[in-house]
Protein chains: 2
Amino acid sequence: MNLKHLAIALAATLLSGTIKAQTTQPAVVEDFKPSTLDQPGQEYPQVNSQGYVRFRVKAPKADSVKVSLGLGGRGGTKLKKGDDGYWWGTTEGPMDEGFHYYHLTVDGGVFNDPGALNYYGSVRWESGIEIPAHDQDFYALKDVPHGNVQQVLFPSKSTNTSRRAFVYTPPGYEKEKSKRYPVLYLQHGWGEDETAWSNQGHANLIMDNLIAEGEIKPFIIVMTYGMTNEVKMGPNALRNFKIDAFQTVLTDELIPYVDATFRTYADKAHRAMAGLSMGGMETHAITLNKPDVFDYYALLSGGVYTPAEITDRSKVKLVFISCGSRERPDGVKNAVTALQSAGVNAVAFVSENTAHEFLTWRRSLHELAPLLFKN
Amino acid sequence: MNLKHLAIALAATLLSGTIKAQTTQPAVVEDFKPSTLDQPGQEYPQVNSQGYVRFRVKAPKADSVKVSLGLGGRGGTKLKKGDDGYWWGTTEGPMDEGFHYYHLTVDGGVFNDPGALNYYGSVRWESGIEIPAHDQDFYALKDVPHGNVQQVLFPSKSTNTSRRAFVYTPPGYEKEKSKRYPVLYLQHGWGEDETAWSNQGHANLIMDNLIAEGEIKPFIIVMTYGMTNEVKMGPNALRNFKIDAFQTVLTDELIPYVDATFRTYADKAHRAMAGLSMGGMETHAITLNKPDVFDYYALLSGGVYTPAEITDRSKVKLVFISCGSRERPDGVKNAVTALQSAGVNAVAFVSENTAHEFLTWRRSLHELAPLLFKN
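How each quantity is defined
- Residues numbered from 1 in each chain as written.
- Chains lettered and ligands numbered in written order.
- Predicted model: local features only at pLDDT ≥ 70, side-chain atom pairs only at ≥ 80, totals over all residues.
- Heavy atoms only, no water.
- Helix = DSSP H or I, 4+ residues; strand = E, 2+ residues; numbered from the N terminus.
- Expected span 1.5 Å × (residues − 1).
- Buried < 20%, exposed > 50% of the residue type's maximum accessible area, 1.4 Å probe, protein only.
- Pairing = 2+ DSSP bridges.
- Core = buried A, V, L, I, M, F, W, Y, C linked by side-chain atoms within 4.5 Å.
- Domains from an automatic or database assignment.
- Contact = heavy atoms within 4.5 Å.
- Buried area = accessible area lost by both parts, 1.4 Å probe.
- Polar contact = N/O pair within 3.5 Å; in protein donor to acceptor, adjacent residues only side chain to side chain.
- Nonpolar A, V, L, I, M, F, W, Y, C, P; charged D, E, K, R; others polar.

An α-helical turn contains 3.6 residues, so a residue and the one three or four places further along point in the same direction. Residue and element names in this part refer to chain B. If you check helix α5 (residues 278-289), its first and last C-alpha atoms are 16 Å apart, about what twelve residues at 1.5 Å a residue would give, namely 16 Å. Of all twelve residues in α5, nine are buried, a share of seventy percent or more. Within the span of α5, buried status applies to M278, G279, G280, M281, E282, T283, H284, I286 and T287.

This brings us to the sheet that holds strand β7 (residues 86-90) of chain A. Residues and elements named next belong to chain A. Taken together, five strands build an open sheet; the order of strands is β1-β2-β3-β7-β6 and the sheet is antiparallel. In the strand order of this sheet, the two ends are held by β1 (33-34) and β6 (80-81), each with one partner. Across two bridges, the pairing between β1 and strand β2 (residues 46-47) is antiparallel. Bridging across to β2, K33 finds its partner in V47.

As a further point, take the sheet that holds strand β3 (residues 53-58) of chain B. Residues and elements named next belong to chain B. Pairing is antiparallel across the open sheet formed by five strands, whose spatial order is β1-β2-β3-β7-β6. With one partner strand each, in any of the chains shown, β1 (33-34) and β6 (80-81) form the two edges of the open sheet. By the bridge criterion, two bridges tie strand β2 (residues 46-47) to β3 in an arrangement that is antiparallel. Bridge pairing links V47 to V53 in β3.

Attention now goes to the nonpolar core. Within the largest apolar cluster, 48 residues are counted, with the highest numbers of intra-cluster contacts made by Y185, V222, L250, F294 and V319 of chain A. Top contributing element to this core by residue count: helix α4 (residues 244-261) of chain A, with seven residues. When we break this core down by domain, the ones giving at least three residues each are domain 1 (25-132) and domain 2 (138-371) of chain A. Apart from residues lying up to four places away in sequence, Y185 of chain A is in contact with V222, L250, L254, I255, V258, R271, A272, M273, A274 and F294 of chain A. Grouped together as the second largest cluster of nonpolar side chains are 47 residues, Y173, W190, V249 and A335 of chain B included.

Further remarks concern the interface of chain B and chain A. Contacts between the two partners involve 47 residues from chain B, matched on the other side by 47 residues from chain A. Across the interface of chain B and chain A, roughly 3700 Å² is buried in total on both sides, 51% from carbon and sulfur atoms. Here chain B and chain A share 13 residue pairs in polar contact (both at pLDDT 80 or more) between them. In terms of residues, the side of chain B that touches chain A owes the most to one element, strand β13 (residues 148-156) of chain B, which gives six residues. Looking at the side of chain B that touches chain A residue by residue, the classes come out as 23 nonpolar, 14 polar and ten charged. Where strand β13 (residues 148-156) of chain A meets β13 of chain B, three bridges bridge the pair, whose relative direction is antiparallel. Bridging across to β13 of chain B, V149 of chain A finds its partner in Q151 of chain B.

In structure tokens, the structure reads:
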């Protein structure tokens, strides 16, 4: 997947929402429950056991209320006004498992659903909904030791401000005062920000659970804002993207700050970079521009590496490439096969029945984490 | 201010918004700029140098758009439809300095302003706006060493879940590995949550700046959710409030967790409790119920102590009571005078020209912090 394909995939996802491709829909089972991402005390939106979503929005004097979620090509889900002043509607089909962004259009204006929590995506805070996934256990909040997610403000001379990052420190970090840890730098996608991997991605819970199961050695994750050069919305946003500004923040400012502030192993052998979508594009560029900074590279729905790009194969311990089965899984698999044939330790992962959305990336992180910092 | 007065003050603030009490308004100066709390890239809402707010909301087919901010008794600010499909309007008068919650009513439905960032208040995520205050420097993001705000998930047997808290650790906490710190437990108000003191309150920046100026010795702040017993909205919410559930979480679960996890001085002499509004009510109840836990008590727009309530005066190092000048400053001052006469080390603080809102509480924290942990 090259940059153009990435932009197209991204645009298609943003415009359409995601819905299972089924021509004949089953009867809707009336076991709807409030979404786990509803605001406290709110009853709607609701999700049923099949993955249908039912909306209820109060707007007694409105003329039309639509929801962006559903069959995007046909305009999402149009709600109908009830006698009670509420607008009601159910998606025409079941939604893919996992997390979806959405918004309302009320009389031509775009608003969030007052019932749902908001998540930063599409360069705005959007409503979010979660369709319970059959494998949701790996990112569930469990009774295990929990790591912390710290907001840090690090000095950035290149942008003349203090910039925000979130740092996941694993359980035990506070107590084991002499222990050092490897670090994964983990980037969000276009229109998202440094909150995405904790809020939408549950990166901290994925790590807590893997560590509790003994599946991985604990490491630190650092997440910061990747749209340093203020990409504007629009079809050419990604095409005009320049990596320099963010590369400087990441490699000249954030990494030294993290190494000076947290108990890291401050070397290439204990440093990984991964990113989803645009964050994959950034990972691709920065890992190749700065071959002495990271030993581990991962692109999550964010393009591929070609064998020709990895000139010194001894310098790369792992290349991980993933996407959802509704994206371009053959592109991922073929790229990994080519890398393997060229002697690169490359791993492909395809998330079943997901598209360019966060369940793909939660699963990707869950697959990636045990492969990192093996040496 | 007793519980009933607190509930009335709170209800009045929620219903009305806050606006300077001026009968003759000055001419509106046309120097509006985007609010500092606008979402990235958004041009509206805007604020001018006098504190007027101008709104612009896209809803081309709506019949009415109102904003809750402005002259509450007269229904906030009604917007007018322009030829461009946008609704426009300016508050009838200048707003008080500081942070205000607000929302839109579009054709009878309540939505947030798509231009503004959201803050948790009134048991929902509300739009927020900031009127630059003349003294905003004390909570500004400056080029000084910054502490971190950590999300922790602590085990809570009494509520059978992992609960969230945010922990401010001061600059240098990571590096000075043998240093221990006192702790302030700092509670939000009714309808808010554990995000309020960092997001709306800038507690971390207030601390960073005080520490950089050498005004205080560094301490840790812990902020968690205080509506443990699931108070429902409505006029009787506070009247039916029971402290037991939250008291158990705070004193039996959170404090031991913090003392086991962070480098604290785990004793009464190095522990303070403060809260705003309902959080003051909680502070009042818990400090009196558990006289061996905290040495320092602070109520921010959250009632008062009477001399009779503080039975063993040797056990309390400081009682700090504050409110905005538009609340009941005489009640605060009189209560503090009575406490002082009874031999209690009591301090009153009144925030000038503010009401039951966050600038009152930012200023209160700024006044309180240097008084803590003196002994």
